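Descriptive analysis of the structure
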Amino acid sequence: MVELEIDGKKVEVPEGSMVMEAAKRADTYIPHFCYHKKLTIAANCRMCLVEVEKMPKAVPACATPVSAGMIVKTRSEKAVKAQQAVMEFLLINHPLDCPICDQGGECQLQDLAVGYGKSESRYSEEKRVVFHKNVGPLLSLEEMTRCIHCTRCVRFGQEIAGVMELGMLGRGEHSEITSFVGQTVDSELSGNMIDLCPVGAITSKPFRYSARTWELSRRRSVSPHDSVGANLIVQVKNNRVMRVLPLENDAVNECWISDKDRFSYEALNSEERLTRPMIRQGGEWREVDWQTALQYVADSLNGVRAEHGDEAVGVLTSPHSTIEELFLAKSLADGLGTPNIDFRLRQADFARITRGTPWLGTSIASLDNVDRALIIGSDLRRDHPLLAARIRQAARNGARVSFINATADDALVRPATTLAAAPSAWFDTLAAVVRAVATSRGVDAPAGLPEAAVSADGANDTDNVAGKIAASLAAGERAVILLGNGVARHPDLAAIHGLAVWLAEQTGATLGFLPEAANSVGAHLIGVLPGEGGLDAGAMFAQPRKAYVLLGTEPEFDSANPAQALAALRGAELVVSLSPFKHGSDYADVLLPVAPFTETAGTFVNAEGLAQHFTGVVRPLGDTRPAWKVLRVLGNLLDLPGFDYETAEEVAKAALADVQTGERLNNAALSAVAFGGPRQLRPLADGAFERLADVPIYDADPIVRRAPSLHATQAAKRAQAVGLPTALFERLGLQQGEMVRITQDGQEIVVAARHEPELDARVVRLSAATPHAARLGALYGELRVEKA
C-alpha cells in the first residue's frame, strides 16, 4: 500500500493505482470524461488535470501513478485553471442544442460546464459539423457534432464487446467517431455505449424523443432473459416502461447489460399484449371476466380428470417464469394428482439425465479470473452475452479458451482454440480430449470410449487439436469446463456430461453448466420436474395428454420437436395458456392474461444459485393479473390445499424453505452418471446433413420475440435464413439469399440460404424458435437440402 495526501486528506491505496482511484477512496471528485473504471486509460480528454507537488505542470489524474508521500491538489488555482481551459476547448465546437438533446438532464458535459465553463465563448470562428451515421436500429449517431472524442465507445468495443465496430478517423479538429464503411454496429452489448457516452453523441434510437429524463421514475428490477439475472433500473412514465438501464452489481452484471435486456421493453406495451381473459367456444373467441374464465378452467379440468383420470393432465412451464409462479404451478399439478409437470421443453435426453441441479459450478464473478476454459456446445456471445464478456476479460488477462461446437463462429474471445464438429460427433470429439488427458497422466481412459479415427495419410486433425485442448486444461490452475445450451438440448446429454465429469476430475477443473434462462436453476431447485411415474416434457407431446396447462411458454417455439408439440396441443380436449401475449389462438381453448416481469413481484435464481427478488415497476396492463395470483385463485376454485398465500413474499418463502440458494449451491448435488450405453444421435444417411438448431438471441423468450427494434438487427435477420457450409453452398450453385427447400421428418419448408463457411461440412444451421422452424421436427436430426 502507498500513502499519499489529496486535498489535505491522507489516503492509502495499492501500489500502481492512479491518482483518480486514490481520489475516489478519499471521497474527492475529480472531473473527467474519458476515464471509466472498467476501461483502459486513454488520458485524451485532459479534464482531470490536477496539481501534484514538485511537478511543473498539471497532470491527468487518470494516468498518473501514485507514489509514497505524493501531495495532490484538485482544487488549487493551477488545477482549476487547467480544467477550465480544457472545458473551453471542449465547448469550442460543441453545438448549443441542450434543449433538444436527448442527453439533456443527465449529460456529464452539461453538468461540468456549469462548474468549469464560462458564460460566453471567445471563439468566433465557424464551428465544425460532423454528418450523422446510420449504424443500425439500436444506436443513434445522428448528432456526432456533439462528440468530444473521449473514445469510451471505441475502447468498450475493443475491450468488453470484443469487436472494434467504432473507431476514430482524422486528426485534431477533423477527428470523428465512425463505423467501418457501410457497416452497422451489431454487437449484442452495443447499448452500453449509450451509457458510456458522456455527451449526447450516442443515444438510444428506440427511446429517442419519447421522454425527458427528469420525467421518469426509476425502479429496480431483474432481467428475465438469461441466467445471469442482470440487475436493472427500469424507467417509467405514466405507468409505461420507457427505458431500461443497468444497475451496477459487480458480482452479477458489473455495470453492463445486454441489448435484449435493454431494448426488449418495447414488447411490454405492444399491440400483441393480451389484456382480457378469452375463451374459445364454437370456434369463436370471446372476452370474459376473470371469474368466468377461471371457473370455466376449473370445471373443464375436473371434467377431463373425471373422464380420463388425473394423469390425462399435463403442466408445462417456462424457465423464464418466477419462482413463485413455478412453485404454484407445481402445487397445482400435485393438487390435481398429475405427476406430469416439466419446464425443460427444449431438452431431448431425459432417461439418463444428470442428477442434481445443473448450475454454473462457480460464481459469475470468478469467470474473470479463470486461466483455462473449455466451452462445449455454446454460442457463448449470443446465448450468454454477459458471461462472454467475463470470459473475454479472462482471455485478455492471459487465459486460454477452447471451444467445441458445430461451428467455428467467432466468439470474439482471443486467443481461442475452436474444434468444429457435427453434433453427432461431439461425444467422439470430447472423447479425443479425454484420451489425450489419460495418455498425458498415465491413467486408464474410461471404458467404452470410441477409437480415434485416423485418415489415410495417418493424420488425425481432431486428435491433434484435442491434444492441445487437453494440454491447456492440464496446465491451468483455475480451469473451468462449461456445458452450453447445445449440450443441454443434445440427445446424448448424459453421455457428454459423463465425459466432462471425468475430464474435470482428472484436470482439477471446475465443471458447470451455462443455464439457459432466468430460472433454469431455480426450477430445478424447487422440483418443477415430473413426479414418480410422470411424463417429462418430450413424453407429454409424444404421448399426448387430454389437457394441457401452459405457463408462459409457446411450445411451437420452445420445444424440442415443434411439429410434434403442435400436433399434441391441437388434438387435446383442453389447452389453457397463461401468457402476457395473444398467442396460441390456433390450439388453445382459454387465454389468461398474466403479467410480465415488470408488472409482478417475483424471484429469479441465477446461474450461480443467487436468489434475487424484485417487485413490479408498473401496474398490470388492462385486466392482466400476476400469474401467481391467477394460479392461487385457480387452486382455490379447485378446492386444493396450500393455496392461501396473500403475498408473493409468502409464496417465495414457502418455495425456497428447504432449498439451498444464497451465494453458492452445493456442488455435491451434481453427480456423474454412466456414459456407457447406446447413443441417441444416429449416423448420417447418404445425402443428409445434420441440423444445428441454435436459439437466436432475439427469439429466446416471448418478450424478446416481440421487440421490433431487436428484430431489425443483423443478428435477427441472420436467424431467418438457413446457413449452409461452403461445399454444399457451392454444389447447389447458390447465390446469397437464394431459396432452398429443407426437408425433415416428412415436413418441408422453403427458406433463404446463407453461406456460412464456419460451419462443419456436415452441418446445416436452421435456427429454432422462428416461425419457419416451428413447422419442422426435432432440433437435432437429419435434414435434406435442395435448391428451390
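Fair warning: this is a prediction, and the values are worked out from it, not measured in the lab. Once a new chain begins, its residue numbering starts again from 1 and follows that chain's sequence as written. Given that this is a predicted model, residues contribute local features only at a pLDDT of at least 70 and side-chain atom pairs are listed and counted only at 80 or more, while totals for whole chains, interfaces and linings are drawn from all residues. Heavy atoms from the whole structure form the basis of all side-chain values; hydrogens and water molecules are not counted.

Some points on the overall build of the protein
- A run of H or I in DSSP counts as a helix once it spans at least four residues, and a run of E counts as a strand once it spans at least two, with each numbered from the N terminus. From N to C terminus, the protein includes 22 helices and 32 strands.
- Counting over 788 residues, the protein shows a buried share of 60%.
- Considering only intrachain contacts with a sequence separation of at least 6, the fraction spanning at least 24 residues in the protein is 72%.
- If you sum the accessible surface of the protein, you get close to 30,800 Å²; carbon and sulfur atoms cover 49% of it.
- Charge assignment: positive for Lys and Arg, negative for Asp and Glu; neither His nor the chain ends contribute. Charge placement uses NZ in Lys and CZ in Arg. For Asp and Glu, CG and CD serve respectively. Each charge sign in the protein was given a centre, from 81 positive and 97 negative side chains, and these centres are 5 Å apart. The rule is simple: take the accessible area with a 1.4 Å probe, protein chains only, and divide by the maximum for that residue type; under 20% is buried, over 50% is exposed, in between is partly exposed. Any pair of residues with heavy atoms lying within 4.5 Å of one another is described as a contacting pair. Values of accessible area rely on a 1.4 Å probe in the Shrake-Rupley scheme; residue burial ignores everything except the protein chains shown.

What about the UniProt feature "domain: 4Fe-4S Mo/W bis-MGD-type" (unreviewed entry) in the protein?
- UniProt positions are given in the numbering used here, feature names are shortened, and annotations may be inferred rather than shown by experiment. Within this structure's numbering, the places UniProt gives as "domain: 4Fe-4S Mo/W bis-MGD-type" (unreviewed entry) are residues 216-272.
- Between the C-alpha atoms that bound residues 216-272 there is a distance of 25 Å. The span itself is 9% helix and 35% strand.

Overview of the packing of helix α8 (residues 323-336) against helix α19 (residues 627-637)
- The interhelical angle for the contact between α8 and α19, taken along N-to-C directions, is 20°, at an axis separation of 8 Å. The angle between the axes of α8 and α19 places the two elements in the roughly parallel class. Pair α8 / α19 crosses with left-handed handedness. Residue-level contacts link E324, E325, L328, A329 and L332 of α8 to A627, W628, L631, R632 and L634 of α19. To get an axis, a line is fitted to the C-alpha atoms, and for a helix only the part in contact is used. The angle between two axes follows their N-to-C directions and goes from 0 to 180 degrees. Should an angle lie under 35 degrees it is considered roughly parallel, over 145 roughly antiparallel, and from 65 to 115 roughly perpendicular; all remaining angles are considered oblique. Crossing chirality is assigned from the near helix's rotation relative to the far helix, an anticlockwise turn below a right angle marking it left-handed and a clockwise turn marking it right-handed.

Focus on the UniProt feature "domain: 4Fe-4S His(Cys)3-ligated-type" (unreviewed entry) in the protein
- Residues given the UniProt feature "domain: 4Fe-4S His(Cys)3-ligated-type" (unreviewed entry) here are residues 78-117.
- Helix makes up 60% of residues 78-117 and strand 0%, whereas the separation of the span's terminal C-alpha atoms amounts to 16 Å.

Comments concerning the side chain of H94
- Structurally, the position occupied by H94 is in the loop between α2 (77-92) and α3 (108-116).
- Judged by its relative accessible area of 11%, H94 is buried.
- A polar side-chain atom of H94 sits 3.2 Å from the main-chain carbonyl oxygen of R146.
- Not counting chain neighbours up to four residues away, the residues in contact with H94 comprise L109, K127, R146, I148 and V199. Two N or O atoms form a polar contact when they lie within 3.5 Å of each other; inside protein one atom must be a possible hydrogen donor and the other a possible acceptor, and for residues adjacent in sequence the pair counts only when both atoms belong to side chains.

A closer look at the nonpolar core
- With 97 residues, the main nonpolar core has F33, F156 and I202 as its most contacted residues.
- Ranked by residue count, the leading element in this core is helix α10 (residues 385-396), at seven residues.
- Leaving out residues up to four positions away in the same chain, F33 has contacts with C45, M47, M87, L90, Q108, L109, L112, I148, C150, R152 and P198.
- Grouping buried Ala, Val, Leu, Ile, Met, Phe, Trp, Tyr and Cys residues that are joined through side-chain atoms within 4.5 Å yields what is termed a nonpolar core. The next biggest cluster of nonpolar side chains, apart from the first, holds 53 residues, and it includes W290, L326, L634 and L656.

Brief notes about the pattern of salt bridges
- Here, a salt bridge means any side-chain nitrogen of Lys or Arg that lies within 4 Å of a carboxyl oxygen of Asp or Glu. Going through the model one piece at a time under the given rule, you end up with 45 salt bridges.
- A salt bridge links E287 to R276, with the nearest nitrogen and oxygen atoms 3.6 Å apart. Of this pair, E287 sits in strand β14 (residues 284-287) while R276 sits in the loop between α6 (259-263) and β13 (278-281), and the two are eleven residues apart along the sequence.
- A salt bridge links E748 to R741, with the shortest nitrogen-to-oxygen separation between them at 3.2 Å.
- R741 sits in the partly exposed class, given a relative accessible area of 24%.
- What emerges from the salt-bridge pattern is a single network uniting E272, R346, R489, E516, E554, D558, R705 and R706.

Topic: the packing of aromatic side chains
- Planes of paired rings set the category: under 30 degrees apart is stacked, over 60 is edge-to-face and the rest tilted, where pairs are Phe, Tyr or Trp rings (Trp by its six-membered ring) whose centres lie within 6.5 Å. The final tally for this structure, using the stated rule, is five aromatic pairs.
- Where W426 meets Y780, the ring centres are 6.4 Å apart and the plane angle is 80°; that geometry is what we call edge-to-face. In this pair, W426 is assigned in helix α11 (residues 426-441) and Y780 in the loop between β31 (763-765) and β32 (782-787), connecting sequence segments 354 residues apart.
- Its relative accessible area of 11% is what places Y780 among the buried residues.
- Placement of a charge over a ring requires the Lys NZ or Arg CZ to be within 6 Å of the ring centre, with the centre-to-atom vector within 35 degrees of the ring normal. When the ring centre of F207 is taken as origin, the NZ or CZ atom of R243, which lies over that ring, is 4.5 Å away.

Observations regarding the side chain of R489
- Topologically, R489 is positioned in the loop between α13 (485-488) and α14 (493-507).
- Here the side chain of R489 touches E516 through a polar contact of 3.4 Å, side chain to side chain.
- In this structure R489 touches R346, Q347, A348, E516, A693, D694, V695, L779 and Y780, once residues within four positions along its chain are discounted.

A word on the domain arrangement of the protein
- For each domain, the first and last residues come from an automatic or database assignment. Domain boundaries assigned for the protein yield domain 1 (278-348 + 520-656), domain 2 (364-513) and domain 3 (688-787).
- Its C-alpha centre places domain 2 at a distance of 25 Å from the equivalent point of domain 3.
- Facing 19 residues of domain 2, the contacting portion of domain 3 comprises 17 residues.
- Taken together, the two surfaces of domain 2 and domain 3 that pack against each other cover about 1,400 Å², and 54% of this comes from carbon and sulfur.
- By the criterion of area lost to domain 3, the three top residues of domain 2 are R382, P423 and R489, representing 36% of everything that side buries.
- At the boundary of domain 2 and domain 3, one finds two salt bridges.
- Here D409 ties to R765 by a salt bridge, and the two come within 2.5 Å at their closest N and O atoms.
- Looking at the side of domain 2 that touches domain 3 residue by residue, the class counts come to ten nonpolar, four polar and five charged. Buried area is calculated as the accessible area (1.4 Å probe) missing from two parts once they are joined, with the contributions of both summed. Three residue categories are used. Nonpolar comprises Ala, Val, Leu, Ile, Met, Phe, Trp, Tyr, Cys and Pro, charged comprises Asp, Glu, Lys and Arg, and polar comprises the others, including Gly.

Quick word on the sheet that holds strand β17 (residues 372-376)
- Any two strands with at least two DSSP-identified bridges between them are counted as paired. Strand order in this open sheet of five strands is β19-β18-β17-β20-β21, and the pairing throughout is parallel. Sheet topology places β19 (416-420) and β21 (510-513) at the edges, where each strand pairs with a single neighbour. For this sheet, the mean inter-axis angle between neighbouring strands, taken without regard to orientation, is 15°.
- The strands touched by helix α12 (residues 461-475) within the sheet are β17, β18 (400-405), β19 and β20 (479-483), with β19 carrying the most contacts at an inclination of about 140°.

Quick look at the sheet that holds strand β12 (residues 240-246)
- One open sheet accounts for three strands, arranged β10-β11-β12; its pairing is antiparallel. Each of the sheet's edge strands pairs with one partner strand only, and the pair in question is β10 (217-222) and β12. Going across the sheet, the axis of each strand differs from the next one's by a mean of 35°, ignoring polarity.

A few points about the environment of R262
- Here R262 shows up in helix α6.
- Taking relative accessible area as the criterion, R262 reaches 3% and is therefore assigned buried.
- Each C-alpha atom, one on R262 and one on V241, is 11 Å from the other, the two residues being 21 residues apart in sequence.
- What R262 contacts, discounting residues up to four positions off in sequence, is G191, N192, D195, V244, L245, P246 and I257.

Brief notes about a negative patch on the surface
- Any residue with relative accessible area above 30% and no salt bridge may belong to a patch, with like charges joined within 9 Å and the nonpolar Val, Leu, Ile, Met, Phe, Trp and Tyr side chains within 5 Å. The grouping of D644, E646, E649 and E650 at the surface amounts to a negative patch.
- Relative to the elements of secondary structure, D644 occurs in the loop between α19 and α20 (648-655).
- You can call D644 exposed: its relative accessible area is 60%.

Some details on the environment of K24
- Position of K24 relative to the elements: it lies in helix α1 (residues 19-25).
- What makes K24 partly exposed here is its relative accessible area of 42%.
- Once residues lying within four places of it in the same chain are set aside, the contact partners of K24 are Y35 and K37.

Quick word on the packing of α2 against α3
- Their axes nearest at 10 Å, the elements α2 and α3 cross at an angle of 130°. Relative to α3, the element α2 lies oblique. Handedness of the crossing formed by α2 with α3: left-handed. Facing α2, whose interface residues are Q83, Q84, M87 and L91, α3 presents L109, L112, A113 and Y116.
- Within the contact of α2 with α3, the residues separate by chemical class into six nonpolar, two polar and no charged.

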